[in-house]
Amino acid sequence: MAIPSDRILRAAVRWLELLPHSAPARCRALFATHTGYSDITPAQYELAYVWLRESGLLRPSESSRPAALRVFSAAISRSAAAWFADADILIREPSEVPEDALRAADLLGFSAAEAHGEIIALWGKVDLERRQQVGAAGELALVELLNGCVPDRVDHVAAASDGYGYDIAVRTNPLALHLEVKSTLRRGRLTLHLSRHEFETMRRDSQWSLVAVRLTPELIPASIATVPRNWISANAPMDRTSSGLWESCRLEVPPEVLKPGIPALAGALADDCPSLLTGAIRWPG
C-alpha cells in the first residue's frame, strides 16, 4: 500500500482536528458546504475517513501528538514501503529520507529532519515488536530441533526467566552447553542486539555460545549458525571510564564470520539430525 495522496492526507488531518469537537455527520456537512474545505471533494473526505478507520486513528486516544504527526506516522507505517524494513541502515540522516516520505512530510508541514526523527522512532517501535515475535519463534524452533537430536536434556530456560544470560541449556554426557539464541528474517545481513548481561555471561561461562537462527517469513527455520566468541569480544563496545557503562549494543555480523550449525554440539547429535544443526546448510551471504 502506497502512502496516500496529498488530498487524502490533508483530509485525514482535518477529520482528526474536527472529530474531538463535532460528530462525523456534522464534519461531513462542514466539508460539503464550507468554502474553507472545498479544495477536497466529499468522496475524498470519505476515502480519508475510511483510511483513518483502517489505520486505527479513529479509536479513542489520549495522545497529545498533533493530528498531522499522527497522520504522517500512520502513512509511513502502513505504506509497506520496501525501504522501511531497513530504515535504520538506509536512512541515517535527513538527506536520506525517501522521496515519498519527504512529499508527505512537506505536505503536512514537517522538515526533513523532523520526518527523519519520526521515521527512526517509528521503525524502532515496529522493529522491537517484530524482534520479540521473531526471537520467541526462533527459540522455540531451536528447542524443537534439539529435542529431536540430543539424547539427554534440553531446557528452554528463557521461558522461565531472562536472568540466565542465555536461552537454552543443553545437557548430554559429557557435554553441557548454554545457548543464547538470536533470530532474524533477513538473508545475508545479521543484526544482533546483545545485552551487557549476555556479554558478561559469555565472558565468565565457557559453555556459552551465541546461535543465530534465520527464519522464513512463515517463521520456519531456514539456516542456523554460530557467532564465534572471539569475534563478539573483539567487536563489543568498551567502557572508557567507570562513569559511562554500556548496557546493550547492536552488532552487524558479516556472513563470512558465521560458523554453520552449532559446532559445539559436534559428536553429541543423533545420526539422523537435521542438516540445519550439523552445518550442512550455510548461512546465505
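Everything here concerns the structure above.
Right, let's walk through the structure included here. (Residues numbered from 1 in each chain as written. Predicted model: local features only at pLDDT ≥ 70, side-chain atom pairs only at ≥ 80, totals over all residues. Heavy atoms only, no water.)

What follows covers the sheet that holds strand 8 (residues 259-260). Backbone-to-backbone hydrogen bonds join strands into a sheet, with any given pair of strands oriented parallel or antiparallel. The mixed open sheet is built from six strands, whose spatial order is 1-2-3-5-6-8. Among the strands making up the open sheet, the edge pair consists of strand 1 (153-155) and strand 8. Most of the contacts of helix 7 (residues 112-147) go to strand 3 (residues 175-184), to which it runs at about 145°, and overall it touches strand 1, strand 2 (168-172), strand 3, strand 5 (208-215) and strand 6 (221-227). (Pairing = 2+ DSSP bridges. Helix = DSSP H or I, 4+ residues; strand = E, 2+ residues; numbered from the N terminus. Contact = heavy atoms within 4.5 Å. Axes fitted to C-alpha atoms, helices over the stretch in contact; angles between N-to-C directions.)

Bringing the environment of R189 into the picture now. Here R189 lies in the loop between strand 3 and strand 4 (190-195). For the pair R189 and E252, spaced 63 residues apart in sequence, the C-alpha to C-alpha distance is 7.4 Å. Leave out the neighbours within four places in its chain, and R189 touches D86, D88, I89, T184 and E252.

With that settled, the discussion passes to the pairing of strand 7 (residues 248-253). Burial along strand 7 is one-sided: the residues C249, L251 and V253 are buried and none of S248, R250 and E252 is. Pairing of strand 4 with strand 7, which is carried by six bridges, proceeds in the antiparallel orientation. Looking at the pairing, S195 lines up with S248 of strand 7. (Buried < 20%, exposed > 50% of the residue type's maximum accessible area, 1.4 Å probe, protein only.)

This paragraph deals with the side chain of E139. Residue position: E139 is located in helix 7. Of the side chains bearing the opposite charge, K182 lies closest to the buried E139, which forms no salt bridge; the N-O distance is 7.6 Å. Those residues within four positions of E139 in sequence are excluded, and the remaining contacts are H156, A158, D167, I168, V181 and S183. (Lys, Arg positive; Asp, Glu negative; His and termini not counted. Salt bridge = Lys/Arg side-chain N within 4 Å of Asp/Glu carboxyl O.)

Taking 1.5 Å as the rise per residue, helix 1 (residues 6-18) with 13 residues should run 18 Å; its terminal C-alpha atoms sit 19 Å apart, in good agreement. Along helix 1, the residues that are buried comprise I8, L9, A11, A12, V13, R14, W15, L16 and L18. Buried-residue contacts for helix 1 involve helix 2 (24-33), helix 3 (42-55), helix 4 (67-77) and helix 6 (99-108). (Expected span 1.5 Å × (residues − 1).)

Running from N to C, helix 1 and helix 2 point in directions that differ by 130°, and their axes come no closer than 10 Å. Comparing their axes, helix 2 and helix 1 come out oblique. The interaxial crossing formed by helix 1 with helix 2 has right-handed handedness. The residues of helix 2 that touch helix 1, namely those facing R14, W15 and L18, are P24, C27, R28, L30 and F31. Of the residues in the contact of helix 1 with helix 2, the class split is six nonpolar, no polar and two charged. (Parallel < 35°, antiparallel > 145°, perpendicular 65-115°, else oblique. Left-handed = near helix turned anticlockwise from the far one by under 90°. Nonpolar A, V, L, I, M, F, W, Y, C, P; charged D, E, K, R; others polar.)

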